[in-house]
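Structural overview
One-letter residues, chain by chain:
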Amino acid sequence: MLRSQLNSIMQDALDFCGEHRFHLPPFATWSPQRWSAAGAESRALVAQQLGWDITDFGSGDYDRTGLFLFTIRNGEMGGAGGKTYAEKLLIVGEGQVTPIHFHWRKMEDIINRGGGVLVCRLWNRTADEGLADTPVTVTCDGVQRTVPAGGELRLEVGESITLEPGVYHTFWGLAGAGRVLVGEVSSVNDDRIDNRFHAPAGRFPAIDEDVAPLHLLTPDYPRFCAHLGAASCR
Ligand SMILES: [Fe+2]
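Below or above, wherever it landed, is the structure these notes cover. (Residues numbered from 1 in each chain as written. Predicted model: local features only at pLDDT ≥ 70, side-chain atom pairs only at ≥ 80, totals over all residues.)

What follows deals with the overall build of the chain. Counting its regular elements, the chain contains 4 helices and 13 strands. A globule of 234 residues ought to have a C-alpha radius of gyration of about 17 Å, and the chain, at 17 Å, matches this closely. Put simply, the chain has 234 residues, and 36% of those count as buried. Within the chain, counting contacts between residues at least 6 apart in sequence, those at least 24 apart form 72% of the total. (Helix = DSSP H or I, 4+ residues; strand = E, 2+ residues; numbered from the N terminus. Rg over C-alpha atoms; globule rule 2.2 N^0.38 Å. Buried ≥ 20, exposed ≤ 12 C-beta atoms within 10 Å, placed from the backbone. Contact = placed C-beta atoms within 7 Å.)

Another aspect to go through is the sheet that holds strand 4 (residues 98-103). The sheet built from 5 strands is open, its strands ordered 9-6-11-4-13 with antiparallel pairing. Looking at strand neighbours, the two that pair on one side only are strand 9 (151-155) and strand 13 (195-197), the edges of this open sheet. Across the sheet, the axes of successive neighbouring strands diverge by a mean angle of 35 degrees, strand direction being ignored. In the sheet, strand 6 (residues 118-123) pairs with strand 11 (residues 168-173) via 6 bridges, with the strands oriented antiparallel. Within the sheet, the bridge partner assigned to arginine 121 lies in strand 11 and is threonine 170. (Pairing = 2+ DSSP bridges. Axes fitted to C-alpha atoms, helices over the stretch in contact; angles between N-to-C directions.)

Here the focus is the pairing of strand 12 (residues 180-187). When strand 3 (residues 85-92) meets strand 12, the two strands line up antiparallel, connected through 8 bridges. Within strand 12, the position partnered with lysine 88 by the bridge is glutamate 184. Sheet topology places strand 5 (residues 108-115) next to strand 12; 7 bridges connect them, and they run antiparallel. Each bridged residue has a counterpart across the sheet, and for glycine 115 the counterpart in strand 12 is valine 180.

Considering the arrangement of structural elements, one finds serine 59 in the loop between strand 1 (51-55) and strand 2 (67-73). Judged by the 17 C-beta atoms lying within 10 Å of it, serine 59 is partly exposed. Distance from serine 59 to glycine 115, taken between C-alpha atoms, is 25 Å for residues 56 residues apart in sequence. The contact partners of serine 59, leaving out residues within four places of it in the chain, are Arg64, Thr65 and Gly66.

So this is what it looks like as structure tokens:
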């Protein structure tokens, strides 16, 4: 992705959050220079991979296959003690698909916080990590629901779905209903190691540096924040 495109997605996301009166934490608007000047008191931001995470999953077509995420809070997978939970903000466009995947360890609630309608398609996984043909049972806001393999559930504003580890899922915004502001509440998450995509997909984008970054993405931390212990995300 072009850095200029990533910058404009960030600005657009800040505007969309403002429309919905959702406020991101202070480090969301740190400049690259502010990150470079940060001291040891900010190490947790890097260790927990907090911040901007925008991806086209390697598709080259963000609007059709892509996702905006911002990690608001997180713990450290495999870390002793500390936070056991995570929270993200997602923005999902109409027809903007997140590819079919499951998580090895993360259990997540996906919540429609406002805007349009989120469509989720679900499968169980087979022993060899394929798509099973068995019905899928999930919980939506405390109520069990069962859909056939590859069946769809629509989340209207205020509704949520709980996804157990190992349940294949893909989602997008319903055409004609508008962009969706999505919340994610989950167990601790490490996107560098916890995603199993059904078809090969890149979790983080290749970046063409045509302009300077407006704000850093989490995959930028090794370049700008090595002094905070950032290691490569790829
Ligand atoms: Fe997921």
